[in-house]
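# Results of the structural survey
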Amino acid sequence: MGANVDGCIKRTPRSCGTSVPAECHYRFQQNWWRNAPPDYWTAAVGYVATTDCAQVGKLIHARPVDAPVWSLLLVADCGGKGDYGLEWMLRNNIVAELDAATFDRWTAVYGRPLKIEMRGINE
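Below, the structure is looked at part by part. (Residues numbered from 1 in each chain as written. Predicted model: local features only at pLDDT ≥ 70, side-chain atom pairs only at ≥ 80, totals over all residues. Heavy atoms only, no water.)

## Some words on the packing of aromatic side chains
Where two aromatic rings form a pair, the distance of their centres and the angle of their planes describe that pair. Overall, the coordinates contain three aromatic pairs when judged by the stated rule. Arranged with centres 5.8 Å apart and planes meeting at 85°, the rings of Tyr26 and Trp32 form a pair that is edge-to-face. A residue is classified by how much of its surface remains accessible, and Tyr26, at 39% relative accessible area, is partly exposed. Put simply, the rings of Phe28, Trp33 and Trp41 pair up and form one aromatic cluster. Taking the ring centre of Trp32 as reference, the NZ or CZ of Arg27 above it sits at 4.6 Å. Over the aromatic face of Trp33 sits the side chain of Arg27, whose NZ or CZ is 6.0 Å from the ring centroid. (Phe/Tyr/Trp six-rings, centres within 6.5 Å; stacked < 30°, edge-to-face > 60°. Buried < 20%, exposed > 50% of the residue type's maximum accessible area, 1.4 Å probe, protein only. Lys NZ or Arg CZ within 6 Å of the ring centre and 35° of its normal.)

In structure tokens, the structure reads:
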């Protein structure tokens, strides 16, 4: 059935812990993904929303600029339509929104404003 991580069974988390954002939890409950997350999605150390909804469910590499190591993140959401989604992100030069835990970890080391870089996992 899959590995249990923070109370979540791969692809079917019934009682996810607080480390899984609400949007991600909802997507698993409703099986509402643009791309089904790969079986190894639990290797992700965080979650991200991007401006491209076609990426939802995919894994990407991201890191703070100047960080020596790339981290695996699950694209759990996207900007979508409307003034508080994609348009807001573009208007404010935001290409990604990190989950709170990842943001806190990275800003504790790399400071604010946090600049990150991302790449696909096949690069």
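What follows picks up the thread again.
## Considerations on the state of the cysteines
Under the criterion given, the structure shown has one disulfide. Residue pairing for Cys53: its cysteine sulfur links by disulfide to Cys78, the two sulfurs lying 2.0 Å apart. Here the disulfide of Cys53 and Cys78 is right-handed, its torsion about the S-S bond being about 85°. Placement of Cys53 in the loop between β3 (46-50) and β4 (59-64) and of Cys78 in strand β5 (residues 71-78) is noted, with a sequence separation of 25 residues between them. (Disulfide = S-S within 2.5 Å. Helix = DSSP H or I, 4+ residues; strand = E, 2+ residues; numbered from the N terminus.)

## As for the nonpolar core
Core analysis: the biggest nonpolar cluster contains 21 residues, and Cys24, Trp33, Tyr47, Val48, Leu73 and Leu74 have the highest contact counts within it. Elements represented by at least two residues in this core include exactly α1 (22-30), β3, β4, β5 and β6 (96-98). For this core, the leading source of residues is β5, giving six residues. Excluding anything up to four places from it in sequence, Val48 contacts Ile60, Leu73, Leu74, Val75, Ala76, Asp77, Ala96, Glu97 and Leu98. (Core = buried A, V, L, I, M, F, W, Y, C linked by side-chain atoms within 4.5 Å. Contact = heavy atoms within 4.5 Å.)

## So, unusual backbone geometry
The amide bond that connects Arg112 to the next residue, Pro113, takes the cis arrangement and shows omega of -5°. When you line up the elements, Pro113 lands in the loop between α3 (100-110) and β7 (116-120). Even without being glycine, Asn31 reaches a positive phi, approximately 50°. Note that Asn31 resides in the loop between α1 and β3.

## Some remarks on the sheet that holds β5
Taken in spatial order, the five strands of this open sheet run β6-β3-β5-β4-β7, and their pairing is mixed. Only two strands of the sheet have a single partner each, and these edge strands are β6 and β7. The sheet shows a mean angle of 40° between the axes of neighbouring strands, direction not considered. Pairing of β3 with β6, which is carried by three bridges, proceeds in the antiparallel orientation. From the neighbouring strand, Val48 faces β6, where its bridge partner is Leu98. Relative to β5, α1 is tilted by about 75°, and along the sheet it contacts β3 and β5. (Pairing = 2+ DSSP bridges. Axes fitted to C-alpha atoms, helices over the stretch in contact; angles between N-to-C directions.)

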